[in-house]
Amino acid sequence: MKKFVLIFFIMITLSLYAQKASIKDIYPDLKKKSQIDKSDKTIYNLLTTFYEKNLQADQEEMTPEDIQQIEKLVSDPNTKNLHILMLFLMYQQHISKTAAVGKEPDADFQIETMNILENETKDIFGKIPAIIYIYKAEALESGHKKDESQNTIIQGLKEYPDSIPLKVYSYLNTKDNTIKDDLIKNHSKHWMVQQFGIQ
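Model, not experiment: these values are computed from the prediction.

With respect to the overall build of the protein chain
Point 1. Secondary structure summary: the protein chain contains 12 helices and 0 strands in total.
Point 2. Reading the secondary structure of the protein chain in the N-to-C direction produces α-α-α-α-α-α-α-α-α-α-α-α.
Point 3. Sorting the 199 residues of the protein chain into buried and exposed places 46% on the buried side.
Point 4. Across the protein chain, contacts joining residues at least 24 apart in sequence account for 64% of those joining residues at least 6 apart.
Point 5. With the model as given, the accessible surface of the protein chain reaches about 10,600 Å², and the carbon-plus-sulfur share is 52%.

Below, the structure written as structure tokens:
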């Protein structure tokens with residue numbers, strides 16, 4: 001929890017952007033101020049680390065050093081592809097704030113943001129990070145678009161066949177016993193397997 005509090009302070013800067021009506025209004029300005037460099041994988045690697053330590057790991061493994069790296073990247077105007085990180089953090093902030101007060105997140109915001117992040121990461125990095133597939137599936141589910149969510153999960157599993165969160169969501173949607181058996185046998189200690197009571 002302390003780690004997310006630190007991230008919250010990073011996101012204070014983002015709250016000015018979040019005041020605008022739509023992510024479609026915010027994004028062009030973020031992108032215009034960002035230095036785009038398709039050869040720089042710093043933000044891609046950060047998203048991968050965030051995924052591995054928060055979603056793929058059995059329990060959260062984010063360290064103070066990880067938080068410091070995020071702070072450093074956000075505060076450095078020379079960070080390449082910063083618009084992707086800023087948009088990702090805005091998404092995180094929205095989810096965290098709504099969860100903290102027991103409200104449902106804005107599904108339209110979630111879906112728009114994930115669509116932009118999916119397209120932008122694919123365009124710049126040539127590959128969509130696993131965390132984007134997961135968050136997009138969640139966003140679509142939140143927007144009552146179950147078929148689109150399942151299609152996103154299927155596509156994500158093609159790219160990341162070992163992704164535990166994607167396997168969990170796939171099982172929850174399909175009740176496929178092969179996936180269930182794999183989760184129980186190989187990932188019974190994973191926080192999502194336990195959270196959803198897969199046994």
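So much for the structure itself; the text now carries on.
Some words on helix H7 (residues 107–125)
Given 3.6 residues to a turn, an α-helix orients residues that are three or four positions apart in the same direction.
Point 1. The first and last C-alpha atoms of H7 sit 26 Å apart over 19 residues, in line with the 27 Å expected at 1.5 Å per residue.
Point 2. Where H7 begins, the side chain of Asp106 points an oxygen toward the backbone nitrogen of Asp108, at a separation of 3.0 Å.
Point 3. Positive backbone phi, at 80 degrees, marks Gly126, one or two positions downstream of H7.

A few points about the nonpolar core
Point 1. Within the largest apolar cluster, 55 residues are counted, with the highest numbers of intra-cluster contacts made by Leu85, Phe88, Ile131, Tyr135 and Leu183.
Point 2. Residues contacting Leu183, with those up to four places away along its chain left out, are Ile164, Lys167, Val168, Tyr171, Ser188, Val193 and Ile198.

Section: the packing of helix H6 (residues 82–100) against helix H8 (residues 130–142)
Point 1. At a closest axis distance of 13 Å, the pairing of H6 and H8 adopts a crossing angle of 40 degrees. Taken together, the axes of H6 and H8 lie oblique to each other. Here H6 runs over H8; the crossing is left-handed. Facing Phe88, Tyr91 and Gln92 of H6, the residues of H8 in contact are Ile131, Tyr135 and Ala139.

A word on the confidence of the model for the protein chain
Point 1. Looking at the protein chain as a whole, the pLDDT averages 88, with 89% of positions reaching at least 70.
Point 2. Note that pLDDT drops below 50 for residues 1–20; the model gives that stretch 37 contacts with residues more than four away or on any other chain.

Structural notes on the pattern of salt bridges
Point 1. In this structure the tally under the stated criterion is 7 salt bridges.
Point 2. Measuring nitrogen to oxygen at the nearest pair gives 2.7 Å for the salt bridge that ties Lys136 to Glu118. Taken together, the residues span a long stretch of sequence, with Lys136 in helix H8 and Glu118 in helix H7 at a distance of 18 residues.
Point 3. The class of Lys136 is buried, set by a relative accessible area of 12%.

Describing the packing of aromatic side chains
Point 1. Taken as a whole and judged by the stated rule, the model has 6 aromatic pairs.
Point 2. Here Tyr133 and Tyr160 contribute two aromatic rings whose centre-to-centre distance is 6.1 Å and whose plane-to-plane angle is 65 degrees, an arrangement assigned as edge-to-face. With Tyr133 in helix H8 and Tyr160 in the loop between helix H9 (146–159) and helix H10 (164–174), this residue pair connects regions lying 27 residues apart in the sequence. Across the pair, Tyr160 and Tyr133 agree in class, each one buried.
Point 3. What links up through ring pairs into an aromatic cluster is the set Phe50, Phe88, Tyr91 and Tyr135.

About the criteria used
- Residues numbered from 1 in each chain as written.
- Predicted model: local features only at pLDDT ≥ 70, side-chain atom pairs only at ≥ 80, totals over all residues.
- Heavy atoms only, no water.
- Helix = DSSP H or I, 4+ residues; strand = E, 2+ residues; numbered from the N terminus.
- Buried < 20%, exposed > 50% of the residue type's maximum accessible area, 1.4 Å probe, protein only.
- Contact = heavy atoms within 4.5 Å.
- Areas by Shrake-Rupley, 256 points an atom, 1.4 Å probe, with all protein chains shown as cover.
- Expected span 1.5 Å × (residues − 1).
- Polar contact = N/O pair within 3.5 Å; in protein donor to acceptor, adjacent residues only side chain to side chain.
- Core = buried A, V, L, I, M, F, W, Y, C linked by side-chain atoms within 4.5 Å.
- Axes fitted to C-alpha atoms, helices over the stretch in contact; angles between N-to-C directions.
- Parallel < 35°, antiparallel > 145°, perpendicular 65-115°, else oblique.
- Left-handed = near helix turned anticlockwise from the far one by under 90°.
- pLDDT = per-residue confidence, 0-100.
- Salt bridge = Lys/Arg side-chain N within 4 Å of Asp/Glu carboxyl O.
- Phe/Tyr/Trp six-rings, centres within 6.5 Å; stacked < 30°, edge-to-face > 60°.

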